[in-house]
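Chain by chain, the residues:
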Amino acid sequence: MRDMLGLMKQAQAMQEKIQEMQAEMERLEVEGQSGGGMVRVTLSAKGQLRNVAIDDQLMKAEEKQILEDLIITAHEDARKKAERLMEEKMQGMTAGLSLPPGMKLPF
């Protein structure tokens, strides 16, 4: 019975940590770039688009397709950084827990 109570307390503490981490992910930002920094996209660590910055040199009608491609590339760069940040935070949080292989948090 003691083990069950300990497990329940551990699960509750983990749930609180996950909630805190999710709130932190809303505040943290990552920046993706493309075109040598001519296009920059800022996302929250949870993937919410916060800002797009475009160098004035790209604001030409004949450069429209290039600009569109650069925005997509910068967004992908930022999204990958946000995913890595989230994974790092989760690894730090779950260190020391004996989770079954392949089990990921949050459930």
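That block above? That's the structure.
Since the structure is predicted, the reported quantities are computational estimates derived from the model, not experimental observations.

A. Here's a closer look at the overall build of the protein chain. Helix and strand counts for the protein chain stand at two helices and three strands. Look at the contacts in the protein chain between residues 6 or more apart in sequence, and 50% of them connect residues 24 or more apart. Carbon and sulfur atoms make up 53% of the accessible area of the protein chain, which amounts to about 7800 Å² in all.

B. Representation of the sheet that holds strand β3 (residues 49–54). Read across the sheet, three strands follow the order β1-β2-β3 without closing on themselves; strand pairing throughout is antiparallel. A strand with exactly one partner marks an edge of an open sheet, and here the two such strands are β1 (29–34) and β3. Pairwise comparison of adjacent strand axes, ignoring direction, gives a mean angle of 15° for this sheet. Alignment of β1 against strand β2 (residues 39–44), held across six bridges, turns out to be antiparallel. Paired with Ser-34 across the two strands is Val-39, which belongs to β2.

C. Spatial organisation of the pairing of β2. In terms of residue burial, β2 counts as a mostly covered element, since five of its six residues are buried. Connecting β1 to the antiparallel partner β2 that follows it, the hairpin turn spans four residues, and Gly-35 within it adopts a positive phi of roughly 60°. In this structure, β2 lies alongside β3, joined through five bridges in antiparallel fashion. Bridge pairing links Leu-43 to Leu-49 in β3. Between β2 and β3, which pair antiparallel one after the other, the connecting turn spans four residues, and Gly-47 there sits at a positive phi close to 100°.

About the cut-offs
Note that residues are indexed from 1 along each chain, following the sequence as it is written. At least 70 in pLDDT is required for a residue's local features to be given in this predicted model, at least 80 for side-chain atom pairs to be given and counted, and no such filter applies to totals for whole chains, interfaces and linings, which use all residues. For side-chain calculations, the full set of non-hydrogen atoms in the structure is used, while hydrogens and water are omitted. A run of H or I in DSSP counts as a helix once it spans at least four residues, and a run of E counts as a strand once it spans at least two, with each numbered from the N terminus. Contacts are assigned to residue pairs that have any heavy atoms within 4.5 Å of one another. Shrake-Rupley sampling with a 1.4 Å probe provides the accessible areas, and residues are treated as covered by the protein chains on show and by no other component. Whether two strands pair comes down to DSSP finding at least two bridges between them. Every axis in this analysis is a line fitted to C-alpha atoms, fitted for helices over the stretch in contact. Angles between the N-to-C directions lie between 0 and 180 degrees. The buried label goes to any residue with under 20% of its type's maximum accessible area, the exposed label to any with over 50%, and the partly exposed label to all in between, with areas taken from a 1.4 Å probe on protein chains only.

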